[in-house]
Amino acid sequence: MAIALERNAPAVTGGSFGPQWDLGDEEIEQLIDVIRSGKLSRLGGTKVVQLEQDFAARVGARYAQAVTSGTASVHTAVGVLDPNPGDEIITTGVTDFGTVIGLLYQNAVPVFADVDPRTGNLDPASVESLITERTRGIVLVHLYGNPCPLDAFVALAKKHNLALVEDCAQAQGAEYGGRSVGTWGDLGCFSFGGKQMTTGDGGMVVTHRDDLAERLKWFPDKGNPRRPHYQHYYLSPNYRMTELQGAVGVAQLRKVDEVVRRKRAAAAYLNEVISQQEGLRVTPVQPGAKHAYWVYGFQIDPSVIRVPVADFARALQTEGVPVNAPYLEKPIYQYPALAEPHLYGTSRFPWTLPGAAEVDFAHLHLPGVEEFLATTAVLTMNPSFTEAHVEHFGDAIQRVAAHYRGQR
Ligand SMILES: Cc1ncc(COP(=O)(O)O)c(C=O)c1O
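Residues numbered from 1 in each chain as written. Predicted model: local features only at pLDDT ≥ 70, side-chain atom pairs only at ≥ 80, totals over all residues.

1. Here's the deal with the overall build of the protein
Consideration 1: Counting its regular elements, the protein contains 13 helices and 13 strands.
Consideration 2: Scaling as 2.2 N^0.38, a compact globule of 408 residues should have a C-alpha radius of gyration of about 22 Å, and the protein matches this with 22 Å.
Consideration 3: By its C-alpha atoms, the protein is 75 × 55 × 40 Å across when sized along the principal axes.
Consideration 4: Considering the protein as a whole, with its 408 residues, one finds that 48% of them fall into the buried category.
Consideration 5: For the protein, contacts bridging at least 24 residues in sequence account for 72% of all contacts bridging at least 6. (Helix = DSSP H or I, 4+ residues; strand = E, 2+ residues; numbered from the N terminus. Rg over C-alpha atoms; globule rule 2.2 N^0.38 Å. Buried ≥ 20, exposed ≤ 12 C-beta atoms within 10 Å, placed from the backbone. Contact = placed C-beta atoms within 7 Å.)

Written out as structure tokens, the structure reads:
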């Protein structure tokens, strides 16, 4: 069967389908309030506080602290835990580098566990096999919005007395066991960059732990509670969200349910199509969990579709489907910053700390990570997709899969 790739048709991207975010009068009205108030900083303003309260209420968390990005949210979570230099934090190589930037700034040592090759989410057994007396915590990622097996991770953290941080940057709106992601671990981190909602850049950290609330409040504000005296209690950055971001966030947050609803409807249709295609696989979701489909991942079976997943994605792009693959050219531990490593000048810090295990990330092979990246295609989800768009994607996926099956 002829496919558009063979006619050199132009490729589409996620941006070809209209705006990723519904930004309109609601955001403008909130912003006008801020400009008229003359208070652009959260110190003395009301919008960031309102966003924090609204966010905490929506996810069901006791405390929520706004910050300037998803990267800042994970840094804040790790900063709240206050590891000692050289403490190990187990995490995933299938994520944005923002997952590890903060733990590196806190001089913790990242340890990369393997993932489930079907979901790209951390495998609890692999995490457990890497726990040592130096392990301080786990930072897991709900990849693409698909919840990790949280029961297993909560039990693991409890058994080994470890802190559990949920990086929910991609997973706003996802649920596990009837509760929002981010409320299962000790701390949950969210991003308002290019995610389910936007404040340009921005993020949020939530916790239910009273004992962490104070440090969570002051870590993103230079460790300075200002009361009773202006003074700095520990080293920490300024990650204060501005009122301009907060204002947009207040309006955007009210739209997230609809964004997630639309993405779930599109995903349900695509799941139906893909499950009927020999050579393609739907990404499994944990029992009782609800995927938020920030993006839609699905897999090729290389014994049936015998081309690299990048070629498969390219064929879909020329059919008008905004699909990319691989998700990452390489796992994040093979980026130069970690593989060389190039973190603190020419030193190998934090691996120069006494007792730190020697690492060679350039040669680290994790079979689940490699299989996942080699087989997974990622469809950019846009809440402005119409039914006609999604039906077209389904048709194109069937056509392209049939084409490559025919080449067996
Ligand atoms: C899983 C994950 N963690 C952290 C981040 C960092 O978020 P930000 O880009 O808002 O700093 C991202 C961003 O893509 C992400 O996907």
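Next comes the rest of the description.
2. Side note on helix α13 (residues 387-405)
Consideration 1: In a regular helix each residue adds 1.5 Å, so 19 residues correspond to 27 Å; α13 covers 27 Å between its end C-alpha atoms and thus fits that length.
Consideration 2: Residues Val390, Phe393, Ala396, Ile397, Val400, Ala401 and Tyr404 constitute the buried set of α13. The buried side chains of α13 occupy one side of the element, clustering within an arc of 130° when seen end-on. Within α13, the exposed residues directed more than 90 degrees away from the buried face are Glu387, Ala388 and Glu391.
Consideration 3: On the buried face of α13, the contacting elements are α9 (256-275), β10 (280-282) and α10 (309-318). (Expected span 1.5 Å × (residues − 1). Arc of directions from axis to C-beta.)

3. Some words on the site of the ligand
Consideration 1: With respect to spatial proximity, 16 residues lie near the ligand, and among them Gly70, Thr71, Gly98, Ala169 and Gly193 are the closest.
Consideration 2: Those elements giving two or more residues to the shell around the ligand turn out to be α3 (70-81) and α4 (98-105).
Consideration 3: Counting residues per element, the shell around the ligand draws most heavily on α3, which supplies 3 residues.
Consideration 4: Its residues assigned to classes, the shell around the ligand comprises 3 nonpolar, 10 polar and 3 charged. (Near = placed C-beta within 6 Å. Nonpolar A, V, L, I, M, F, W, Y, C, P; charged D, E, K, R; others polar.)

4. Side note on unusual backbone geometry
Consideration 1: Going from arginine 227 to proline 228, the amide bond is cis rather than trans, its omega being -5°.
Consideration 2: Residues glutamate 340 and proline 341 are joined by a peptide bond in cis, for which omega reads -20°.
Consideration 3: Along the chain, proline 341 falls in the loop between α11 (336-339) and α12 (367-375).
Consideration 4: Even without a glycine there, the phi angle at aspartate 82 is positive, about 60°.
Consideration 5: Among the structural elements, aspartate 82 can be located in the loop between α3 and β2 (88-92).
Consideration 6: Judged by C-beta crowding, with 15 C-beta atoms within 10 Å, aspartate 82 ranks as partly exposed.

5. Let's talk about the sheet that holds strand β13 (residues 376-380)
Consideration 1: Strand order in this open sheet of 4 strands is β10-β11-β13-β12, and the pairing throughout is antiparallel. Two strands bound the open sheet, and with one partner strand each, they are β10 and β12 (323-324).
Consideration 2: Taken together, the 3 bridges between β10 and strand β11 (residues 295-300) define a ladder with antiparallel strand orientation. Bridge pairing in β11 links arginine 281 to glutamine 299. (Pairing = 2+ DSSP bridges.)

6. Describing the environment of histidine 142
Consideration 1: Inspection of the secondary structure puts histidine 142 in the loop between β4 (135-141) and α6 (150-160).
Consideration 2: Among the residues examined, histidine 142 registers 28 C-beta atoms within 10 Å and is labelled buried.
Consideration 3: Filtering out sequence-adjacent residues up to four positions away, histidine 142 remains in contact with Asn121, Pro147, Cys148, Glu166, Cys168, Gln170, Ala171, Ala174 and Val181.

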